[in-house]
Amino acid sequence: MNREIVVVMGVGFVGAVMAAIVADTVDDTGKPSKFVIGMQRPSARSFWKIPMLNRGVSPVKAEDPEVDPMIARCVKEKKTLIATYTYDVLKLADVVVVDVQCDYLKAELGNVRNGETDMAALEASLGVIAEHIPPDALVLIETTVAPGTTEQVAYPIMKKIFKKRGIETDPLLAHSYERVMPGRNYVASIRDFWRVCSGINRTAKERVVKFLNEVLNTKKYPLTVMDRPIESETAKIVENSYRATILAFLDEWSLYAERNGVDIVKVIKAIKVRPTHSNIMFPGPGIGGYCLPKDGGLGVWAYKHILGFEDDIFKITPMAIDINDTRGLHVGQLTRDALRNMGKPIASADILILGAAYREDVGDTRYSGSEIVIRKLAEMGAEIRVHDPYVEHWWEFEQQDTYPGIGQSKAQFFRNQEKLKEIRVEQNLDKALKDANAVILAVPHEAYMNLDPAKVVKAIGQPAAIIDCFGILTDDKIRQYFQLGCEVKGLGRGHIQRIKDEIRRV
Ligand SMILES: NC(=O)c1ccc[n+]([C@@H]2O[C@H](COP(=O)([O-])OP(=O)(O)OC[C@H]3O[C@@H](n4cnc5c(N)ncnc54)[C@H](O)[C@@H]3O)[C@@H](O)[C@H]2O)c1
């Protein structure tokens, strides 16, 4: 049918939607121009994504209304998208898009420096690709990698296998990182957004530019083409380290605000109006998501272990990640103090966490700030329950012995974690609220933004400690909670004491 065959390796949060975007591509006459095969290894964690995609159902849950119909359309109507676990499909590929994970494992809580990059899945994928692909297939690595990986890890792996196969030409390797934001603009954040790319030689560069021009909206969002892959790889790491840093920067000012009667949320709002400072952001109870906690670590690690330097030039990047990784611990203290003010020791308290995801309106729990909050509260003896409208299973707890990998759970950094395996995410808010001693607003999901204090307290059945971790409560709501007999505390919200004093005086 004259369609280019694109194999997308790894149909996770990035690959599943990228595969659909490529499969949705049409030529000038409006006919589909690509046939996409999602190649997913049948691991215990991910095998189910294959039959799901083949039924036209998205393996990722998203708030973006474009995701589900796009996948259904490509699989069922256009018939341009299928999924499989068979590596043999790589033999058909004109283009391979690599969207497998490359992890960074931390051996200590709050110390990114003594962690290490885990590129086993990526290295295995590259080996399999080199064994199967036609020599002139473009291999586009979209995975966020430690800088230097495309040229100094991927290239040698593939070149050696090509040699064994009797192929003399160089593999056509390219790098272009994803800036995807799962959530309301999931599809647009891939398709209608700027991309940076590069290739290991002229042909690879030309091929990646051609491919991205065909599948993405580059007319409106032009490509930035870098000289070498290490520059594209570095751009991703610096981009995310920058974001991790501006978030970490507010941690100390958030504490300062709590101790000096200042509402950090209003301070940020005041600053934000200045156009040069418009990306100042309140960090919430921690910086999760798959990328920000690890990407700076990949860079610091690469400097030593791929690029071969012995000195240590990094100060801000690792410090920012360490601050973000431990920010949630402070919520334990706020909750303890609020409960104490109500005459309830934390060790005998039932605490409800509202929000398991790492950010608003997504179902992704990877490295979410709420996990640290819960682990700390459990360490202090509290009983934990969780509500989240987007999350069905919180594997970080339910399967903490083996998830995200054996020996990788954050449970190892805390005591008293065993019972957290019993956590089941409740979807019914009223049921979750019933009899709770404390309610922690941990994620600004839409469902939590306008909760009515009177209804909340009624559903609980008694006044409770309300802890606001994300600047969710307006002053008026804070006032109402106090009037209903609750105690209120919040990250960075030092003005709460003033509201409390006002109400006491009345
Ligand atoms: N999730 C995000 O918001 C986001 C944003 C920007 C960049 N990224 C980057 O994109 C990359 C992928 O992230 P993700 O969130 O999609 O991860 P993910 O874990 O959801 O998906 C990776 C998938 O690859 C599969 N896989 C692993 N080895 C394989 C193999 N040998 N063959 C076939 N499939 C294999 C896994 O089973 C999994 O389904 C990462 O480097 C990440 O840093 C992610």
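So, a few notes on the structure that sits alongside this text. (Residues numbered from 1 in each chain as written. Predicted model: local features only at pLDDT ≥ 70, side-chain atom pairs only at ≥ 80, totals over all residues. Heavy atoms only, no water.)

Within the protein, the secondary structure is distributed over 19 helices and 16 strands. Against the compact-globule benchmark of 23 Å for 506 residues, the protein has a radius of gyration of 24 Å, which places it among compact chains. Classification of the 506 residues of the protein by burial places 56% in the buried group. Accessible surface for the protein amounts to roughly 22,000 Å². Of this, 54% is attributable to carbon and sulfur atoms. In the protein, the 67 positive side-chain charges and the 67 negative ones have mean positions that sit 2 Å from each other. (Helix = DSSP H or I, 4+ residues; strand = E, 2+ residues; numbered from the N terminus. Rg over C-alpha atoms; globule rule 2.2 N^0.38 Å. Buried < 20%, exposed > 50% of the residue type's maximum accessible area, 1.4 Å probe, protein only. Areas by Shrake-Rupley, 256 points an atom, 1.4 Å probe, with all protein chains shown as cover. Lys, Arg positive; Asp, Glu negative; His and termini not counted. Charge placed at Lys NZ, Arg CZ, Asp CG, Glu CD.)

Here we take up helix α11 (residues 316-326). Looking at α11, one finds that the buried residues are T317, P318, A320, I321, D322, N324 and D325. Along its buried surface, α11 packs onto α8 (229-259), α10 (295-305) and α13 (369-379). (Contact = heavy atoms within 4.5 Å.)

With that settled, consider the nonpolar core. With 42 residues, the main nonpolar core has L90, V96, V98, I129, I133, V139 and M158 as its most contacted residues. Contributions of two or more residues to this core are made by β1 (4-9), β2 (34-39), β4 (95-98), α4 (120-132), β7 (138-141), α5 (149-164), β8 (172-175) and α10. If sequence neighbours within four positions are ignored, M158 has contacts with L126, I129, A130, I133, V139, P171 and L173. A349, V373, I384 and V391 belong to the second largest nonpolar core, which has 39 residues in total. (Core = buried A, V, L, I, M, F, W, Y, C linked by side-chain atoms within 4.5 Å.)

Turning our attention to unusual backbone geometry. Following Y403, the chain continues into P404 via a peptide bond in cis, with omega recorded as 5°. Relative to the elements of secondary structure, P404 occurs in the loop between α14 (395-398) and β13 (425-426). Here the phi dihedral of N2 falls at roughly 65°; this positive angle occurs in a residue that is not glycine. Its location among the elements puts N2 in the segment before β1. Judged by relative accessible area, N2 falls into the exposed class, the value being 82%.

This part covers the sheet that holds β8. Strand pairs in the sheet, formed through backbone hydrogen bonds, run parallel or antiparallel to each other. Taken in spatial order, the eight strands line up as β3-β2-β1-β4-β7-β8-β9-β10 in an open sheet, and their pairing is mixed. Lying at the two open borders of the sheet, with one neighbouring strand each, are β3 (81-84) and β10 (224-225). Direction of pairing for β1 relative to β2: parallel, over a ladder of six bridges. Following the sheet pairing, V7 is matched in β2 by I37. (Pairing = 2+ DSSP bridges.)

For the rest of this paragraph, the subject is the layout of surface pockets. There is about 250 Å³ of room inside the second largest pocket. In this structure, the second largest pocket is lined by 16 residues; those nearest its centre are E258, L334, K489, G490 and R493. Broken down by secondary-structure element, the contributors of at least two residues to the lining of the second largest pocket are α8, α12 (329-341), β16 (487-490) and α19 (496-505). Residue classes in the lining of the second largest pocket are distributed as four nonpolar, five polar and seven charged. (1 Å grid on protein atoms, 1.4 Å probe; cavity = no way out; pocket = protein on both sides within 12 Å on 5 of 7 lines; lining within 4 Å. Points joined across faces, edges and corners; volume = space filled by probe spheres on them. Nonpolar A, V, L, I, M, F, W, Y, C, P; charged D, E, K, R; others polar.)

Taken together, the six strands give an open sheet; going across it, the order is β13-β12-β11-β14-β15-β16, and neighbouring strands pair in parallel fashion. In the strand order of this sheet, the two ends are held by β13 and β16, each with one partner. As paired strands, strand β15 (residues 465-468) and β16 are joined by four bridges and run parallel to one another. Looking at the pairing, D468 lines up with G490 of β16.

Residues in a regular strand point their side chains to alternate faces of the sheet. Covered by surrounding structure in β7 are L138 and L140 together with V139 and I141, the residues of both alternating faces. Here β4 runs beside β7; their pairing, made up of four bridges, is parallel. Of the residues in β7, the one forming a bridge with V98 is I141. Bridge analysis of β7 against β8 gives four bridges, and the strand direction is parallel. Among the inter-strand pairings, L138 is bridged to a residue of β8, identified as L172. With α5 bridging β7 and the parallel β8, this β-α-β connection has right-handed handedness. (Right-handed = clockwise from strand over helix to strand, strands pointing away.)

Here the focus is helix α18 (residues 475-483). Buried within α18 are the following residues: K477, I478, Y481 and F482. Along the axis of α18, the buried residues cluster in a sector spanning 140°; they form a single face. Considering only its buried residues, α18 is in contact with α16 (446-449), α17 (453-460), β15, β16 and α19. Phi turns positive, to about 95°, at G485, one or two residues after α18. (Arc of directions from axis to C-beta.)

Here we take up the environment of E233. Tracing the backbone through its elements, the reader meets E233 in helix α8. The sequence separation of E233 and V7 amounts to 226 residues, and the corresponding C-alpha distance is 22 Å. The residues contacting E233, other than those within four sequence positions of it, are V145, A146, P147, G148, T149, T150 and H175. Side-chain polar atoms of E233 contact the side chain of T150, separated by 2.5 Å. (Polar contact = N/O pair within 3.5 Å; in protein donor to acceptor, adjacent residues only side chain to side chain.)

Of note, S58 is situated in the loop between α2 (49-54) and α3 (67-77). With sequence-adjacent residues up to four places away left out, S58 is seen in contact with M52, V67, D68 and I71.

Before going further, it helps to spend a moment on the site of the ligand. Looking at the ligand, there are 27 residues lining it, with V14, Q40, K49, T144 and R366 nearest. Between S46 and the ligand, the recorded distance is 3.2 Å, taken from a side-chain N or O atom to an oxygen atom. One nitrogen or oxygen atom from the side chain of K294 is found 2.8 Å from an oxygen atom belonging to the ligand. Calculation on the ligand without its partners gives an accessible area of 830 Å², and the protein chains cover 97% of this total. Here the shell around the ligand is composed, by residue class, of eleven nonpolar, nine polar and seven charged. (Near = heavy atom within 4 Å.)

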